[in-house]
Amino acid sequence: MVSKIEDKKFIKKLIGELNEAETAYTGTMDFEDPDYRLRFQQDEKTVFQLGYFKEMMELGVNGHYLDYENEYLYEGELKLRVE
């Protein structure tokens, strides 16, 4: 684990951006793995997981967050504070 995000305002903003984001299917694309793995947890159980690219990726849409399970990239500019 690199960091734990507990800022409720930031989490709410991120979830809002992801819920409203355009997405692009990445299942047939070849690209590097994300720099980080972001886990949304509730009572120590992971309920959702995304990949995070430090640099914005251009894979049909421009964004930082990759849904591994459904194979799509979320459009958006909100960056994590990991560095």
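Here, every reference points to the structure presented above.
Calculation criteria
Residues numbered from 1 in each chain as written. Predicted model: local features only at pLDDT ≥ 70, side-chain atom pairs only at ≥ 80, totals over all residues. Heavy atoms only, no water. Core = buried A, V, L, I, M, F, W, Y, C linked by side-chain atoms within 4.5 Å. Buried < 20%, exposed > 50% of the residue type's maximum accessible area, 1.4 Å probe, protein only. Helix = DSSP H or I, 4+ residues; strand = E, 2+ residues; numbered from the N terminus.

(A) Geometry of the nonpolar core. Membership of the largest hydrophobic core is limited to 12 residues, which are Phe10, Leu14, Leu18, Ala21, Leu38, Phe40, Leu50, Tyr52, Tyr65, Tyr74, Leu78 and Leu80. At three residues, the largest contribution of residues to this core is made by helix 1 (residues 8-20). Met57, Leu59, Val61 and Leu73 belong to the second-largest nonpolar core, a separate cluster that totals seven residues.

(B) A look at unusual backbone geometry. The backbone of Asp43 shows a phi angle near 50°, a positive value even though the residue is not glycine. Inspection of the secondary structure assignment puts Asp43 in the loop between strand 2 (36-42) and strand 3 (45-58). The class of Asp43 is exposed, set by a relative accessible area of 73%. Positioned with a positive phi, Glu44 is a non-glycine residue whose angle comes to about 70°. Tracing the sequence through the fold places Glu44 in the loop between strand 2 and strand 3.

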